[in-house]
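Architecture at a glance
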Amino acid sequence: MPYIPHTPEELQEMLSVIGVNSLDDLFADIQADMRPKSFNIPEGKSESELTAYFEEMAAKNKTDFINFLGAGYYDHYIPKAVDSLSQRGEFLTSYTPYQPEVSQGTLQSIFEYQTAVCRLLDMDCANASLFDIGHSLFEAGMMAARQTRKHVWVVDEAINPIWRKMLTTYSANQNVQIVTVPHNNGMSDKNALIKAIDDTTAVVMVQNPNFFGAIDDYTEIFTKAKEHKAIGVISVYPVMQAVLKTPGEMGADIAVAEGQSLGMPLSFGGPYLGMMTCKKELVRQMPGRIVGKTNDLNGKEGFVLTLQAREQHIRRAKATSNICSNQGLCALRSIIHMALLGPEGLKRTAETSMYLARVLADKLTKLPSVSLLNNAPYGNEFAVKLSQNAEKIVSVMAKQGFLCGFPVGQYYQGMDNVLLLSCTEKNTEEQIDKLVNTLGGLL
């Protein structure tokens, strides 16, 4: 990191300009007994010493695990071109495209992102991205509340519990009543969801594949929601959308997704990317901003901010959000990633991940103390029941060099022996054999 030192002469010159004799004079209005006795700041280091210090700290991180951990965030391969292109200066130095005449590159990249996301999820409109999936779910609920003027949110318990916690936190001070419908052994209880929808319902939220990896068709749920003038929201896994029935085909009104699997490394938990799409009828309820394509007076193609819903753009009380920025760099990485893979590449990624998950499931369930949680169809992720506490198994396996899955009992009572495992195209059959052999020795 660069140092910007000041000599004593420069410090004195600055103090003279503002009319004080010393640095202590800057804090003269603070009583002496209220000033810190010491900042406890260590002595400065040279650049080489500081570099060595941080390299030593970084070396303590273990990065060579064999990874079968998913639970909403996935270790997919990221082509090197994603890093190379997204780190170009014109992207890294750009902020918010308030002036379209000098922001055409940024605006076009967002427009292309929106277009790709709409095609992937089979929806009409997409915004310029939100912060993460929890943010997207919350904003979807608020869109529904504004549109319907109702405040009951019916939420499937099979939605990722981490995201449901985000949803609860975001909505804590809103006029919202969340009704959580219990899952049925790792599957959505669709009959219970249908019964929970009535004329007071603003929105019903589901996830596909759900947290346990189960794949379902929620067409019936969304049809029931429409009968009661409620909004249907679905959260999806973008990579699996290359092979699964789309939100548009199911009749969802709003579809959201965590974009991390499209070009973002796991990175200790972020930054991530909240994707949001909707039907055209709801576009004026959508938060953030939407980029559109047009032609100028000379017929030249250009890009502009078509809709801007921030409070500084319209009357405060009428704003749909106060989002002043968005995950622009993450959105850029995702559109580069999608463009590099294309429809066929995304499909191959999904199918390879699903194939490996089936190899893993087949070999695991041959162990005498392991069985699938349910018989639901699944994508690249599935849950198994073990003969022992899953959290303890995960801890022991980590010492053996494996991130062997997510212990479901952390969030679901009575499921302490349930382990959620995931495969991506980065896994190999050799890794699967190592995992199964090591795990078999513990059970």
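Residues numbered from 1 in each chain as written. Predicted model: local features only at pLDDT ≥ 70, side-chain atom pairs only at ≥ 80, totals over all residues. Heavy atoms only, no water.

1. Quick word on the sheet that holds strand β15 (residues 418-422)
In plain terms, the rule: Only when DSSP finds a minimum of two bridges between them are two strands counted as paired. Here a helix means four or more residues in a row that DSSP labels H or I, a strand means two or more in a row labelled E, and each is numbered from the N terminus.
Ordered by their spatial adjacency, four strands build an open sheet running β11-β12-β15-β14, and the pairing between neighbours is antiparallel. Only two strands of the sheet have a single neighbouring strand rather than two, namely β11 (371-372) and β14 (406-407). Where strand β12 (residues 381-385) lies against β15, five bridges are found, and the strand directions are antiparallel. The partner of Phe 382 across the bridge, within β15, is Leu 421.

2. Regarding the environment of Leu 85
As a reminder, the rule being used: The classification of residues rests on relative accessible area computed with a 1.4 Å probe and restricted to protein chains. Under 20% of the type maximum is buried, over 50% is exposed, and intermediate values are partly exposed. When checking whether two residues touch, look at their non-hydrogen atoms; a contact exists if any pair is within 4.5 Å.
Positionally, Leu 85 belongs in helix α3 (residues 80-86). Of the residues examined, Leu 85 reaches a relative accessible area of 37% and is grouped as partly exposed. Beyond its immediate chain neighbours, meaning those up to four positions away, Leu 85 contacts Phe 91 and Ile 336.

3. Concerning the nonpolar core
For clarity, the cut-off: To qualify as a nonpolar core, a set must consist of buried Ala, Val, Leu, Ile, Met, Phe, Trp, Tyr and Cys residues joined through side-chain atoms within 4.5 Å.
Grouped together as the largest cluster of nonpolar side chains are 47 residues, with contacts concentrated most on Ile 234, Met 275 and Met 338. Breaking this core down by element, the ones donating at least two residues are α5 (104-121), α8 (190-196), β5 (201-208), α9 (219-227), β6 (231-236), β7 (254-258) and α11 (328-364). Setting aside chain neighbours within four positions, we find Ile 234 in contact with Val 206, Gln 207, Asn 208, Tyr 218, Phe 222, Pro 247, Met 250, Ala 252, Ile 254, Ala 255 and Val 256. Grouped together as the second largest cluster of nonpolar side chains are 30 residues, Tyr 73, Ala 144, Ile 254 and Tyr 272 included.

4. Describing the sheet that holds strand β2 (residues 125-126)
Formally: For helices, the axis comes from a line fit to the C-alpha atoms of the stretch in contact; other axes are also lines fit to C-alpha atoms, and the angle between any two N-to-C directions lies between 0 and 180 degrees.
Read across the open sheet, the seven strands follow the order β2-β8-β7-β6-β5-β3-β4; overall the sheet is mixed. The open sheet is flanked by β2 and β4 (177-181), the only strands paired with a single partner. Relative to β4, strand β3 (residues 152-156) runs parallel, the two sharing five bridges. Paired with Asp 156 across the bridge in β4 is Val 181. Lying over the sheet, α5 contacts β2, β6, β7 and β8 (274-278), oriented at roughly 70 degrees with respect to β8.

5. Notes on the side chain of Ser 235
Looking at where Ser 235 falls in the secondary structure, it is placed in strand β6. The residues contacting Ser 235, other than those within four sequence positions of it, are Ile 133, Leu 137, Trp 163, Val 206, Gln 207, Asn 208 and Val 256.

6. Describing the pairing of β6
Let me state the cut-off plainly: Orient the strands so they point away from the viewer; a crossover is then right-handed if the path from the first strand over the helix to the second runs clockwise.
Extensive coverage of β6 is indicated by the burial of six of its six residues. A two-sided burial pattern is seen for β6, the buried positions comprising Ile 231, Val 233 and Ser 235 on one face and Gly 232, Ile 234 and Val 236 on the other. As paired elements, β5 and β6 share six bridges and run parallel to each other. Bridge pairing links Gln 207 to Ser 235 in β6. Where the polypeptide runs from β5 across α9 and back to β6, its parallel neighbour, the crossover connection is right-handed. Pairing geometry for β6 and β7, over four bridges, is parallel.

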